[in-house]
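Residue-level structure breakdown
As a plain string of letters, each chain reads:
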Amino acid sequence: MSDGRSLFGGKVTISGRITAWLIILVASISAMQTGVPPEVSTQLESPDWSIRNAGFESLMALPPSPEVETALILLLLREDPLQAARMRNTNKDPALDGEGFGEYFLALSGTVNQIAENDPARPGVWTALFGFPCVPRWQGTYDERRASCLIDVMEGKESVYPRGQTAEDLGKVLQDERDPKKPHHLSPPEVAALDRIIRRELRDRDDEVRSWACFFVAETGTLKDLPVLQRIAKTDPAARTGEDGKVHYWIREHAPRDINILRARFTRQDWAERRQSLAIKADEKPSPDIDTRRIAFLLREDEEFANARKQGFSAPAYYYDYFEYLNAVVIDVLAIADKNPERTDVWPALFGYPDVLPEWFATHGDRAASYFLAVANGRKSPYDRATAFEVLAETIVYERDASTQHHLEPEEVIALDRRLRSGVKDADQKMREASDALHKWLQGETASPR
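Residues numbered from 1 in each chain as written. Predicted model: local features only at pLDDT ≥ 70, side-chain atom pairs only at ≥ 80, totals over all residues. Heavy atoms only, no water.

Moving on: the overall build of the protein. The number of helices and strands found in the protein is 20 helices and two strands. Burial status across the protein gives 46% buried among its 450 residues. Within the protein, counting contacts between residues at least 6 apart in sequence, those at least 24 apart form 59% of the total. Summed over its atoms, the accessible surface of the protein is roughly 23,000 Å², and 54% of this surface lies on carbon and sulfur atoms. (Helix = DSSP H or I, 4+ residues; strand = E, 2+ residues; numbered from the N terminus. Buried < 20%, exposed > 50% of the residue type's maximum accessible area, 1.4 Å probe, protein only. Contact = heavy atoms within 4.5 Å. Areas by Shrake-Rupley, 256 points an atom, 1.4 Å probe, with all protein chains shown as cover.)

Written as structure tokens, this is what we have:
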């Protein structure tokens, strides 16, 4: 590593703390020794940032050279503490207020970032880019340098970077390094060390740090981590008073989600294997048996989709390719439904997949009504009962619209409306609220709640 930094060999430090007066002195000496014009050096040493900005513009007008790059790096080191004060809202110089200094700092740091990209091993460049105090930037491109700075913050380095945000970003670095689809920047021993740091954060004094550690252990850990997460779910002390006036142990409440994510990563059959088993050979002719296989697969994926949605699609298995595969299955089953709408197994499979639903009200409203009436009455489904009520209300709107094709008999529409009204007496408060809101919408008293 450059800048005299040891990435994972114990506590990571920058050699010595560079103070503002020393930066100015070094910049002055460097300017005299590197051939930067004296008038530009004078501008760079000015206590007025606008004059230093003019010096920066003068540097940019000079032919590129190692001397000019050194002067730019030293100038960014000079400005880092001022930008940190602005970020902390502890700035005591009114001249730094407003957008002018920020635009100058952004241009300067962008220029030094280009120097780092052209010569990543250049001494001093990463110290300048990561700020004083430490302000990590450029996620994903230079994770090895960025991880070093983030670890500094977790180890107690002075920083304007919150430790909770630092824990989140360290977890993202670990995720990137574990993702086979992304370029890797850390060596295997460094990834293993970062993994240990994330686990150590599970016992951190900071609530936000522990929360993020739970999340990333679930995303990147092993089943050996389950006992620790289970203990956190029972004993973590983090507490907040909610809007209901009650005390909520919020990390305990979130921990079961993390436990489910971790378990699912090791117990779920890989969807790519399921896709392979679904594959229909090119020379196979369409048949009721093939249709049945496709419908059965969609029913299987409906259950998988519902579990994934409960977890916020946060498990690593859910990438773009998964949804591309799932949509292909849905399209095949939609074709089966069009060809043979009387099949009794096809509609539960289709209506179990939420994203396909709305466009089918107008074509297959009777099937939609039957399915969601059963859900409202307690049928197991990826949808909750309140959502089923919303679907029934929209079905009523379609059936009452003179410009649409109707699929239900008038008495069936009346029965749906009656079921919707009955929800105001439901034992579930969410159902009661949904029923009341939807009834007002149907009466034209309010806009659509969806």
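On to the packing of helix α7 (residues 143-154) against helix α8 (residues 163-178). Put simply, α7 and α8 touch, their axes get as near as 10 Å, and they point 145° apart. You can see that α7 and α8 cross each other, and the crossing is left-handed. Mapping the contact onto sequence places Asp143, Arg146, Ala147, Leu150, Ile151, Val153 and Met154 in α7 and Arg163, Thr166, Ala167, Asp169, Leu170, Val173, Asp176 and Glu177 in α8. In terms of residue class, the contact of α7 with α8 is built from eight nonpolar, one polar and six charged. (Axes fitted to C-alpha atoms, helices over the stretch in contact; angles between N-to-C directions. Left-handed = near helix turned anticlockwise from the far one by under 90°. Nonpolar A, V, L, I, M, F, W, Y, C, P; charged D, E, K, R; others polar.)

With that settled, the discussion passes to α8. Across its 16 residues, α8 extends 23 Å between first and last C-alpha, which sits within 8% of the 22 Å expected from 1.5 Å per residue. Among the 16 residues of α8, 12 are classified as buried, and the element is accordingly described as predominantly covered. Listing the buried residues of α8 in full gives Arg163, Gly164, Thr166, Ala167, Glu168, Asp169, Leu170, Gly171, Val173, Leu174, Asp176 and Glu177. Those residues of α8 that are buried are in contact with α7, α9 (188-200) and α10 (207-220). (Expected span 1.5 Å × (residues − 1).)

Core analysis: the biggest nonpolar cluster contains 32 residues, and Leu170, Leu194, Leu202 and Leu229 have the highest contact counts within it. For this core, the secondary-structure elements that each account for two or more residues are α7, α8, α9, α10, α11 (226-235) and α12 (250-267). Broken down by element, this core gets its largest block of residues, seven residues, from α10. Excluding residues within four positions of it along the chain, Leu202 makes contact with Arg210, Ala213, Cys214, Val217, Val228, Leu229 and Ile232. Of all hydrophobic cores here, the second largest spans 31 residues; its members include Leu44, Ile73, Leu74 and Leu75. (Core = buried A, V, L, I, M, F, W, Y, C linked by side-chain atoms within 4.5 Å.)

The next thing to look at is the packing of aromatic side chains. For the structure on display, the rule yields nine aromatic pairs. Judged by centre distance (5.7 Å) and plane angle (75°), the ring pair of Phe101 and Tyr104 falls under edge-to-face. With Phe101 and Tyr104 both in helix α5 (residues 99-118) and three residues apart, the pair spans about one turn of that helix. Overall, Tyr104 belongs to the buried group, its relative accessible area being 3%. (Phe/Tyr/Trp six-rings, centres within 6.5 Å; stacked < 30°, edge-to-face > 60°.)

Two side chains that carry opposite charge are able to pair once their charged atoms sit near each other. In total, this model carries 19 salt bridges according to the counting rule given. Close ionic contact of Asp345 with Arg343 constitutes a salt bridge, the shortest N to O distance being 2.9 Å. Asp345 gets classed as partly exposed once you look at its relative accessible area, which sits at 24%. (Salt bridge = Lys/Arg side-chain N within 4 Å of Asp/Glu carboxyl O.)

Low pLDDT marks regions whose predicted coordinates should not be analysed in detail. The predicted model of the protein has a mean per-residue pLDDT of 77, with 76% of residues at 70 or higher. Of all the helices and strands in the protein, helix α1 (residues 20-34) carries the lowest mean pLDDT, 43, while α10 carries the highest, 94. Low pLDDT, under 50, characterises residues 1-25; the predicted model gives this stretch 51 contacts beyond four residues in sequence or across chains. Throughout residues 27-33 the model reports pLDDT below 50, and contacts reaching past four residues in sequence, or to other chains, amount to six contacts. (pLDDT = per-residue confidence, 0-100.)

The geometry of a pair of packed helices is captured by two quantities: the angle between their axes and the separation between those axes. Relative orientation of the contacting elements helix α3 (residues 49-61) and helix α4 (residues 66-88) amounts to 155°, with a least axis distance of 11 Å. When the axes of α3 and α4 are compared, the pair comes out roughly antiparallel. Of the two elements, α3 crosses α4, and the hand of that crossing is left-handed. Residues Arg52, Phe56, Leu59 and Met60 of α3 lie in contact with α4, whose contacting residues are Val68, Ala71, Leu72, Leu75, Arg78, Glu79 and Leu82. Here the contact of α3 with α4 is built from residues that sort into eight nonpolar, no polar and three charged. (Parallel < 35°, antiparallel > 145°, perpendicular 65-115°, else oblique.)

A few words on the side chain of Ser109. Structurally, Ser109 can be placed in helix α5. A polar atom in the side chain of Ser109 sits 3.1 Å from the backbone oxygen of Leu106. (Polar contact = N/O pair within 3.5 Å; in protein donor to acceptor, adjacent residues only side chain to side chain.)

Relative to the assigned elements, Ala335 resides in helix α15 (residues 320-339). We classify Ala335 as partly exposed; its relative accessible area is 46%. Note: C-alpha distance between Ala335 and Asp291 (44 residues apart in sequence) is 9.7 Å.

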